[in-house]
Each structure stands twice: as structure tokens, then as C-alpha cells.
Amino acid sequence: MAKRELDLRGLPCPQPTLHMTMEANNANSGDMIEAIADCPTFVDDVKIWCTRMEKTLVWVKEDGTSKCVLIKI
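The text that follows walks through the structure, step by step, so that each part is easy to find. (Residues numbered from 1 in each chain as written. Predicted model: local features only at pLDDT ≥ 70, side-chain atom pairs only at ≥ 80, totals over all residues. Heavy atoms only, no water.)

The subject of this paragraph is the sheet that holds strand β2 (residues 32–37). As summarised here, the arrangement of the four strands in space is β1-β2-β4-β3, forming an open sheet in which the pairing is mixed. The open sheet has two free edges, formed respectively by β1 (3–7) and β3 (56–63), since each of these has just one partner strand. Adjacent strand axes in the sheet meet at a mean angle of 15° when their direction is disregarded. Here β2 pairs with strand β4 (residues 66–72) via six bridges, running antiparallel. By the bridge assignment, I36 is partnered in β4 with C68. In the packing of helix α1 (residues 15–25) onto the sheet, contacts are made with β1, β2 and β4, and the angle to β2 comes to roughly 165°. (Pairing = 2+ DSSP bridges. Helix = DSSP H or I, 4+ residues; strand = E, 2+ residues; numbered from the N terminus. Axes fitted to C-alpha atoms, helices over the stretch in contact; angles between N-to-C directions. Contact = heavy atoms within 4.5 Å.)

Listed below in C-alpha cells is the structure:
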């Protein structure tokens with residue numbers, strides 16, 4: 001199991017989710033993706049993405065304008 005970290009700050013919607021999709025496609029089952037972004041819709045987009053991709057959203061942390069998520073692949 002590997003943990004992959006993505007810094008997606010500065011990317012406009014929908015680019016953070018597209019980058020997560022590319023990373024998930026290269027990940028193995030059980031890997032974790034930790035992503036941080038400052039897109040205002042990032043958390044809502046990730047929740048929808050996890051449902052569609054059948055991935056588990058482990059946690060969400062929000063710190064001012066940055067939002068960090070951990071997803072299990």
C-alpha cells in the first residue's frame with residue numbers, strides 16, 4: 001500500500017478532479033491518495049467523484065482556503 005500526495009492548489013475546476021482520476025488509474029488497490037486543493041468546489045467534487053469511482057473518502061480537512069482529502073483506492 002502506497003500513499004500518493006497531490007498538491008493541486010492553483011488549479012481551476014475541474015482540473016483537481018481530473019488529476020486525481022489520472023493518479024487513481026495508476027494506483028494499486030489499497031493505495032491512498034492525499035490531495036490538497038484550493039478550488040472552492042473541491043470537497044463537493046471529491047465526494048461525487050468517490051461515489052462515481054467507487055472509492056472511499058477517508059477524511060476531509062479544511063484550513064482556510066485549502067482543503068485536504070484522503071481517499072482509499
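Following the structure, the description resumes.
So, about the packing of aromatic side chains. Counted according to the given criterion, the structure contains zero aromatic pairs. Between K61 and the ring centre of W59, over which it is positioned, the NZ or CZ distance is 4.5 Å. (Phe/Tyr/Trp six-rings, centres within 6.5 Å; stacked < 30°, edge-to-face > 60°. Lys NZ or Arg CZ within 6 Å of the ring centre and 35° of its normal.)

Our focus in this paragraph is the side chain of E34. Note that E34 resides in strand β2. Within the structure, E34 has its side chain in polar contact with the side chain of K3 (distance 3.5 Å). With residues up to four places along the chain from it excluded, the contact list for E34 reads K3, R4, E5, L6, W59, C68, V69 and L70. (Polar contact = N/O pair within 3.5 Å; in protein donor to acceptor, adjacent residues only side chain to side chain.)

Interpretation in functional terms is not warranted from these geometric data alone.
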